[in-house]
Amino acid sequence: MSPRLKLTEIFLSIQGEADSVGWPTVFVRLTGCPLRCGYCDTAYAFHGGEWHSLEQILEKVAGFGVRHVCVTGGEPLAQKSCVELLRRLCDAGYQVSLETSGAMDISDVDARVVRVVDMKTPASGEVERNRYDNLDRMRTGEQVKFVICGREDFEWSRDLVKKQSLNERCTVLFSPSHQQVEPRDLAQWILDERLPVRLQVQLHKYLWGDTPGR
């Protein structure tokens, strides 16, 4: 049987995060996630969804007519056929990114894919699920993201960045948890500490709020 994936949605939007922020992007949101982060804004992708063959997904992506594709979730790597989808998208000539938690092994992901790894902070409620070995696999041009819910999260993330020298191997993003930390406060903490990290705000939320499919 041809590989299949359970999908929550495929849609065109403006990329609101990471290094490709601002680009028109097709988002392929896979269904399911083994984590339950306190700040999750896509809980609607935990359940439901519909099965699609890889061919059907590639056809839908092609129909939007843009070059950037982001595979996200949920947790996309929780479905085994995700790795094959990523490879097929790269083979088709797309600029492909993967949004994944720090809880899944990223070693099998095609080297052409830009991996954006979301390390879980203490306030997420899932910090014990982090796979720190993933940090050793990060490459130039990829990103590690920390969603900051408060000062404790900031200090925990700061210490991990310094301990792992993360900024020397990839881009490090500090993102304020929506409606929990003011962006200007996080910006000031970064400046005060002279941290070699990038402040990231979720552009799509400023454009469309929490509307699914945007």
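So, a few notes on the structure that sits alongside this text. (Residues numbered from 1 in each chain as written. Predicted model: local features only at pLDDT ≥ 70, side-chain atom pairs only at ≥ 80, totals over all residues. Heavy atoms only, no water.)

What about the side chain of H52?
Then, in step 1: Of note, H52 is situated in strand β3 (residues 50–53).
Then, in step 2: A relative accessible area of 12% places H52 in the buried class.
Then, in step 3: Separated by 3.0 Å, the side chain of H52 and the backbone oxygen of E50 make a polar contact.
Then, in step 4: Those residues within four positions of H52 in sequence are excluded, and the remaining contacts are P3, R4, L5, L7, I57 and K60. (Helix = DSSP H or I, 4+ residues; strand = E, 2+ residues; numbered from the N terminus. Buried < 20%, exposed > 50% of the residue type's maximum accessible area, 1.4 Å probe, protein only. Polar contact = N/O pair within 3.5 Å; in protein donor to acceptor, adjacent residues only side chain to side chain. Contact = heavy atoms within 4.5 Å.)

A word on the side chain of S97
Then, in step 1: With respect to the helices and strands, the residue S97 is situated in strand β5 (residues 95–101).
Then, in step 2: When sequence neighbours within four positions are dropped, the list of residues in contact with S97 reads Q15, V69, C70, V71, V113 and V114.

Some details on the packing of helix α1 (residues 54–62) against helix α2 (residues 82–91)
Then, in step 1: Contact geometry of α1 with α2 gives a least axis separation of 11 Å together with a crossing angle of 45°. In terms of axis orientation, α1 runs oblique to α2. Crossing of α1 against α2: the hand is right-handed. For the pair α1 and α2, contact is made by L54, E55, I57, L58 and V61 and by E84, L85, R88 and L89, respectively.
Then, in step 2: Residue composition of the contact of α1 with α2, by class: six nonpolar, no polar and three charged. (Axes fitted to C-alpha atoms, helices over the stretch in contact; angles between N-to-C directions. Parallel < 35°, antiparallel > 145°, perpendicular 65-115°, else oblique. Left-handed = near helix turned anticlockwise from the far one by under 90°. Nonpolar A, V, L, I, M, F, W, Y, C, P; charged D, E, K, R; others polar.)

Remarks on a nonpolar patch on the surface
Then, in step 1: Together, V21, L199, V201, L203, Y206 and L207 line one region of the surface with nonpolar side chains, adding up to about 500 Å² of accessible area.
Then, in step 2: Ranked by residues supplied to the nonpolar patch, first place goes to helix α5 (residues 203–208) with three residues.
Then, in step 3: Within the secondary structure, L203 is located in helix α5. (Patch = residues over 30% accessible without salt bridge, like charges linked within 9 Å, V, L, I, M, F, W, Y side chains within 5 Å. Areas by Shrake-Rupley, 256 points an atom, 1.4 Å probe, with all protein chains shown as cover. Salt bridge = Lys/Arg side-chain N within 4 Å of Asp/Glu carboxyl O.)

Some points on α1
Then, in step 1: Within α1 the residues assigned to the buried category are L54, I57, L58 and V61. On an axial view of α1, the arc spanned by its buried residues comes to 95°, and they lie on one face. (Arc of directions from axis to C-beta.)

Describing the layout of surface pockets
Then, in step 1: In this structure, the largest pocket spans a volume of roughly 870 Å³.
Then, in step 2: If you trace the largest pocket, you find 46 residues lining it, with E17, R29, D41, T42 and Q202 closest to the centre.
Then, in step 3: Of all the elements in the fold, those that place two or more residues in the lining of the largest pocket are β1 (4–14), β2 (24–30), β5, β6 (114–119), β7 (143–148), β8 (171–176) and α5.
Then, in step 4: In terms of residue class, the lining of the largest pocket is built from 15 nonpolar, 19 polar and twelve charged.
Then, in step 5: Volume-wise, the second largest pocket comes out at about 150 Å³.
Then, in step 6: In terms of lining residues, the second largest pocket is bounded by 13 residues, among which S20, H68, V96, S97 and V114 are the most central. (1 Å grid on protein atoms, 1.4 Å probe; cavity = no way out; pocket = protein on both sides within 12 Å on 5 of 7 lines; lining within 4 Å. Points joined across faces, edges and corners; volume = space filled by probe spheres on them.)

Structural notes on helix α4 (residues 183–193)
Then, in step 1: By the burial criterion, the buried members of α4 are L186, W189 and I190. Down the axis of α4, the smallest arc covering the buried residues is 95°, so these residues share one side. The exposed residues of α4 that point more than 90 degrees off its buried face are R184 and L191.
Then, in step 2: Close packing links the buried residues of α4 with β7, α3 (151–164), β8 and β9 (198–199).
Then, in step 3: Downstream of α4 by a residue or two, R194 has a phi angle that is positive, lying close to 55°.

Some remarks on the packing of aromatic side chains
Then, in step 1: Going through the model one piece at a time under the given rule, you end up with five aromatic pairs.
Then, in step 2: Ring centres 5.5 Å apart and planes at 70° place the aromatic pair F146 and F174 in the edge-to-face group. Here the residue F146 occupies a position in strand β7, and F174 occupies one in strand β8, the gap between them amounting to 28 residues. Grouping residues by exposure puts F146 and F174 together as buried.
Then, in step 3: Here the aromatic rings of F154 and W189 are separated by 5.5 Å at their centres, their planes lie at 55°, and the arrangement is tilted. (Phe/Tyr/Trp six-rings, centres within 6.5 Å; stacked < 30°, edge-to-face > 60°.)

Some details on the sheet that holds strand β4 (residues 68–72)
Then, in step 1: Ordered in space as β3-β1-β2-β4-β5-β6-β7-β8-β9, the nine strands form an open sheet in which the pairing is mixed. The two strands at the open ends of the sheet, each matched to only one other strand, are β3 and β9.
Then, in step 2: Alignment of β2 against β4, held across five bridges, turns out to be parallel. Residue pairing across strands places F27 opposite C70, the latter belonging to β4.
Then, in step 3: Strands in contact with α1 are β1, β2, β3 and β4; relative to β3, the strand with the most contacts, it is inclined by about 85°. (Pairing = 2+ DSSP bridges.)

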